[in-house]
Every structure is written in C-alpha cells, then in structure tokens.
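Structural overview for review
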Amino acid sequence: WTIDEALPALREAARETEFSGRVRWDTPAGTILLSGKQDDLYGDADLEGVAILVDLGGRSRYAGSAAAAGPGQIRAVLDLSPEVVLERPAAAAGSGIFGVGLFIAPEPGTKTVRAGDISMGAGLFGVGGAWLAGPVAADAGRFAMGAGAFGVGVLVTEGPGAQLSSDLASQGYGFTRGAGHFVLRGGGGRAECGLRRPDAREGLAFISLCQGAGHGPRAFAAGGVGTALVDGSSNTLSASYMSQGMGYWHGLGRLLVRGDGNRFQARRYAQGAGVHTAVGLFEVEGSRNEARTWGGGPG
C-alpha cells in the first residue's frame, strides 16, 4: 500500500528530473539507494545492505540477488525503467525467507527475468512479491512465481505476450499455512509449469503442483491456498499432474479465467480437482475457451 501511494509522485519526479548518479542514505532500517535515469548494472556489492532501492529510469540490469530478503530483512526494489533484465540463478526478484522481499517494475517495457528456486514472488515463512509490466519473459526454478509456505507469495504480470516457465510448485502454489497468488493479465501469453520432473505414476506424466494448487502433506498437515488468475484472451497454460485448480489434503486450489480463446492443458488431477479431502476450483468466464485433461478433472 505504501508503494502504491508513493508511485504517482515517483513517476512524476522521474519524468521531470534530469538527475543521474546514485545517492545513498543509511537509516536504522537499512540503506536507501536512489539511482537516476542512467543505465545501471547492480551486482551483489551494490545491493549489500540496501533495504529500499528506487531506480528512476534508463535501463537496468541485475546480476545480484535483488529483492531477496533473509531472516528479519526487508528488501524492496522499485524500478521505473522500461527495460529491466535480472539474471541470477538463486533466490531473487521478490523472495522472502523469514523476511519481506518485493520486486516491482511497473512501467511498460521488456522485462526479462531468469532466477532460481524461491524466486519471483515466493514467501517461505515470509513474504515475497513481484509485479512486472511487460512484455515479460521469465524462467524460474522450484517454489516460484507466486508460491507460499507458512507465508505469502505473489506474482503479477501485465502486458501482452508474456512467456513464463518454472520448474515445480509455482505459478499460484500454496503449501501448509501458505498462500500463493499468480496473475497473468494480458493477451497472447504462455505459461508452462511443472513439465521437467517425471511423475512415477505414469510414463507420460510430470509432477507439477502449479497454476492454482493448494497442497498439504497427506495425513500429516493441511494444505494451503493456491490461486492462478488469467485475465485476458488467447493465453495458453500448460502443466501436468496436480495443477490448474487442484486442492490436495485440506488444501484449496483455484484457476480463475476471465477472457476469450484461452487454452488450458494438464495431465491428471487438474482443472477443478479436489484430491483426498480437499477443494479444487476451475472457473471460466468468456467464450471459446478450451480445457483439456486426461483424468481426475475437469471438475
């Protein structure tokens, strides 16, 4: 909420200023770093101890773990650059592990993110959030892109032609006492998740836990809440086992669709499947939407 309130004034300042360079303020909460309208490269040394980073424009490239918060930390990045690239094969771009990590790049333009596990809106005993205005091209590992376990993870992408892929337990995944929220807003996008790790139950299967999956360890602990929202037309979502509005063991998984001509494909236990004392929801509003699954769904 604080960022939302400050964003109009920051955008106005970015339009009017000719400032280039960097200014740092040390505070009891950590360092505040303000960068001007020049092109920037941020490595680990630049990000060390920075609680809040505000970039007013230019082009930004992150080679360090931007917006990756550890225990007791706040790490927030607000980048007003239209072109942003982050390449870091580790937790980054909105990762909260016992902390709060936020990565916000709200200006339309190309956003390219390649990150590792617990990234791009992942909260593990913490809060992780990412908001990217695109077109967005992103790839991440496990527990990413809106994933929460004993915490909250949120990823919001806006703009046409998004290309998103992740490994496992991503794109709206909620584990025990957690909530994961994934929003794909725009048209002509593609999101793939959970197509890399074979599932032993069937030769053509992969284990996904993606795109609106609430999952708990069976007979041990209740699941969380996982939500995926597709708001636009002509998008394609692909996953395999346990995905696209799937709840498992006292969990709640939801895939919500608002638009026309979208396509959804999953393998099994998907698209509105409540598995072992759980609730799955697949809700579609629009025309010419297609849903394909092999078993245990839809509904």
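The following refers to the structure shown. (Residues numbered from 1 in each chain as written. Predicted model: local features only at pLDDT ≥ 70, side-chain atom pairs only at ≥ 80, totals over all residues. Heavy atoms only, no water.)

Concerning the sheet that holds strand 1 (residues 22-27)
Across the sheet, which stays open at both edges, the 11 strands sit in the order 1-2-4-7-10-13-16-19-23-27-30 with mixed pairing between neighbours. With one partner strand each, in any of the chains shown, strand 1 and strand 30 (279-285) form the two edges of the open sheet. With strand direction ignored, the average angle separating the axes of adjacent strands in the sheet is 5°. One ladder, built from 7 bridges, connects strand 19 (residues 179-185) with strand 23 (residues 225-231); its direction is parallel. Its bridge partner being in strand 23, Val 183 is matched across the sheet by Leu 229. (Pairing = 2+ DSSP bridges. Helix = DSSP H or I, 4+ residues; strand = E, 2+ residues; numbered from the N terminus. Axes fitted to C-alpha atoms, helices over the stretch in contact; angles between N-to-C directions.)

Remarks on the packing of aromatic side chains
Throughout the structure, instances matching the rule amount to 8 aromatic pairs. Relative to Phe 150, the ring of Phe 125 has its centre 4.7 Å away and its plane inclined at 0°; by these criteria the two rings are stacked. With Phe 125 in the loop between strand 12 (122-124) and strand 13 (127-133) and Phe 150 in the loop between strand 15 (147-149) and strand 16 (152-158), the pair connects residues that are 25 residues apart, well separated along the chain. Between Tyr 173 and Phe 175, the aromatic rings sit 6.5 Å apart at their centres with planes inclined by 25°, giving stacked as the arrangement. Members of the aromatic cluster, joined through ring pairs, are Tyr 42, Tyr 62 and Phe 103. (Phe/Tyr/Trp six-rings, centres within 6.5 Å; stacked < 30°, edge-to-face > 60°.)

Description of the layout of surface pockets
Taken as a whole, the largest pocket holds about 300 Å³ of empty space. Every residue lining the largest pocket is counted, 13 residues in all, and those nearest its centre are Trp 1, Ile 3, Asp 4, Leu 102 and Ile 104. Looking at the lining of the largest pocket, the elements with two or more residues in it are helix 1 (2-16), strand 10 (100-105), strand 13 and strand 16. Roughly 190 Å³ of volume is contained in the second largest pocket. Only helix 2 (44-47), strand 4 (50-55) and strand 7 (74-79) provide two or more residues apiece to the lining of the second largest pocket. In terms of residue count, strand 7 provides more of the lining of the second largest pocket than any other element does, 3 residues in total. Class assignment for the residues of the lining of the second largest pocket results in 8 nonpolar, 3 polar and 3 charged. (1 Å grid on protein atoms, 1.4 Å probe; cavity = no way out; pocket = protein on both sides within 12 Å on 5 of 7 lines; lining within 4 Å. Points joined across faces, edges and corners; volume = space filled by probe spheres on them. Nonpolar A, V, L, I, M, F, W, Y, C, P; charged D, E, K, R; others polar.)

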